[in-house]
Amino acid sequence: MAASEPFPPPLRPAPDDLPAALAAELRALPPSCGPVRLVAVDGHAGSGKTTFAGRLAAALGGAPVVHLDDLATHREPFGWTGRLRGQVLEPLAAGRDAEYRVYDWTLRRFAGTAAAPAAPVVLVEGVGAGRRAVRPWLARVIWMELDAASARRRGEERDGPELAEFWAGWARAESAHFAADPSRPYAATRVDGVTGRIAPGTVGETSTIALTCDIARI
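Keep in mind the model is a prediction, meaning the values are calculated, not measured.

Rules of the game
- Residues numbered from 1 in each chain as written.
- Predicted model: local features only at pLDDT ≥ 70, side-chain atom pairs only at ≥ 80, totals over all residues.
- Heavy atoms only, no water.
- Helix = DSSP H or I, 4+ residues; strand = E, 2+ residues; numbered from the N terminus.
- Buried < 20%, exposed > 50% of the residue type's maximum accessible area, 1.4 Å probe, protein only.
- Contact = heavy atoms within 4.5 Å.
- Areas by Shrake-Rupley, 256 points an atom, 1.4 Å probe, with all protein chains shown as cover.
- Phe/Tyr/Trp six-rings, centres within 6.5 Å; stacked < 30°, edge-to-face > 60°.
- Pairing = 2+ DSSP bridges.
- Expected span 1.5 Å × (residues − 1).
- Bend = angle between axes of the 7 residues up to and from the residue.
- Axes fitted to C-alpha atoms, helices over the stretch in contact; angles between N-to-C directions.
- Lys, Arg positive; Asp, Glu negative; His and termini not counted.
- Salt bridge = Lys/Arg side-chain N within 4 Å of Asp/Glu carboxyl O.
- Polar contact = N/O pair within 3.5 Å; in protein donor to acceptor, adjacent residues only side chain to side chain.
- pLDDT = per-residue confidence, 0-100.
- Core = buried A, V, L, I, M, F, W, Y, C linked by side-chain atoms within 4.5 Å.

A. Main features of the overall build of the protein chain. Each helix and strand counted, the protein chain has five helices and seven strands in total. Here the protein chain, with 218 residues, has 50% of them falling under the buried criterion. Pairs at least 24 apart in sequence give 76% of the contacts found in the protein chain among residues at least 6 apart. Surface exposure of the protein chain reaches about 10200 Å², of which carbon and sulfur atoms provide 53%.

So, in structure tokens, the structure goes:
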């Protein structure tokens, strides 16, 4: 990183053919959650997950995106697996459209709902999307390549000093989560968190670690 650039820049668009090529590959995968190919976009907070998931969803013709920030809470930043299972995964596995409650981070309570239709490909985006409890339902784990410190600096710059305390607490929780339950080793596709380019050799390359090995469904 250059000395004149103290924070990692926002995710810059990669050539349009890269998400299009990945979209074609994802459509060709076997269904993993009923009729749905469920794809996780994981990485550190501030690594560009939401931006890349939006680009990939567009390349997929408007694929639904489930944002895990909508299922997490202040008290349970990683305690959303039951909500994801009951409100999203089980309906999709049964071939039904899903509807889930959305957490309001200002009101500090669940308010409103969001829909996740049972489309050919559905994206789940957020820190921990590729965690152990979710992997049995996944067709692919995508990891955003940006180290934790750089991602945090980007997030702090984006959110401003008023959320510095939140970021400090989040960093501790995220570090503990990935130490106990890493997602990156299970990612068959890795994406540069600065450029948005897909890492060479990961598109079309099967993960070397079986996603469902010795893992019970949540």
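B. Broad picture of the packing of aromatic side chains. Going through the model one piece at a time under the given rule, you end up with three aromatic pairs. Look at tyrosine 103 and tryptophan 105: their rings are 5.0 Å apart centre to centre, the planes differ by 85 degrees, and that puts the pair in the edge-to-face class. A relative accessible area of 29% places tryptophan 105 in the partly exposed class. Arranged with centres 5.4 Å apart and planes meeting at 75 degrees, the rings of tryptophan 143 and phenylalanine 178 form a pair that is edge-to-face. Here phenylalanine 178 lies in helix H5 (residues 164–180) and tryptophan 143 lies in strand S6 (residues 140–145), a separation of 35 residues in the sequence. On the accessibility criterion, tryptophan 143 (5% relative accessible area) is buried.

C. Highlighting the pairing of strand S7 (residues 189–192). The alternating pattern of S7 places Thr189 and Val191 on a buried face and Arg190 and Asp192 on a face that is not buried. As paired strands, S6 and S7 are joined by four bridges and run parallel to one another. The residue bridging tryptophan 143 from the neighbouring strand is arginine 190, located in S7.

D. Just helix H3 (residues 81–93), in detail. Along its 13 residues, H3 runs just 15 Å from first to last C-alpha, ending more than 12% under the 18 Å computed at 1.5 Å per residue. At glutamine 87, H3 is bent by approximately 25 degrees, the largest bend along its length, and proline proline 91 sits one to four residues beyond. In this fold, the buried residues of H3 make contact with strand S1 (37–42), strand S2 (65–67), strand S3 (98–104), strand S4 (109–116) and strand S5 (121–125). Phi turns positive, to about 80 degrees, at glycine 95, one or two residues after H3.

E. Here's a closer look at the sheet that holds S7. Strand order in this open sheet of five strands is S2-S5-S1-S6-S7, and the pairing throughout is parallel. A single partner strand is all that each edge strand has here, and the edge strands are S2 and S7. Across the sheet, the mean angle from the axis of one strand to that of its neighbour is 20 degrees, orientation sign disregarded. Across five bridges, the pairing between S1 and S5 is parallel. Pairing of valine 41 across the sheet is with glutamate 125, part of S5. In the packing of helix H2 (residues 49–59) onto the sheet, the strands contacted are S1, S2, S5, S6 and S7, and the crossing angle to S5 comes to about 170 degrees.

F. Representation of the side chain of glutamate 125. The topology assignment puts glutamate 125 in strand S5. The charged side chain of glutamate 125 is buried without a salt bridge, its nearest counter-charge being lysine 49 at 4.7 Å. Here threonine 50 takes part through its side chain, which lies 2.9 Å from a polar atom of the side chain of glutamate 125. Those residues in contact with glutamate 125 that sit more than four places away from it in its chain are Val41, Lys49, Thr50, Ala53, Val65, Val66, His67 and Leu68.

G. Quick look at the confidence of the model for the protein chain. Looking at the protein chain as a whole, the pLDDT averages 84, with 82% of positions reaching at least 70. Scored below 50 in pLDDT, residues 1–7 shows nine contacts in the model against residues more than four places distant or in partner chains.

H. Geometry of H2. Regarding H2, the residues found buried are Lys49, Phe52, Ala53, Arg55, Leu56 and Ala57. One or two steps after H2, the chain reaches glycine 61, where phi turns positive at roughly 80 degrees.

I. Molecular detail of the nonpolar core. In this structure, Leu38, Val66, Trp80, Leu84, Leu92 and Tyr100 are the most contacted members of the largest nonpolar core, which totals 33 residues. Broken down by secondary-structure element, the contributors of at least two residues to this core are S1, H3, S3, S4, S5, S6 and H5. With four residues, H3 is the single largest residue contributor to this core. Beyond its immediate chain neighbours, meaning those up to four positions away, valine 66 contacts Leu71, Leu84, Val88, Tyr100, Ala116, Val122, Leu123, Val124 and Glu125. With 20 residues, the next largest nonpolar core counts Leu26, Ala57, Val121 and Leu123 among its residues.

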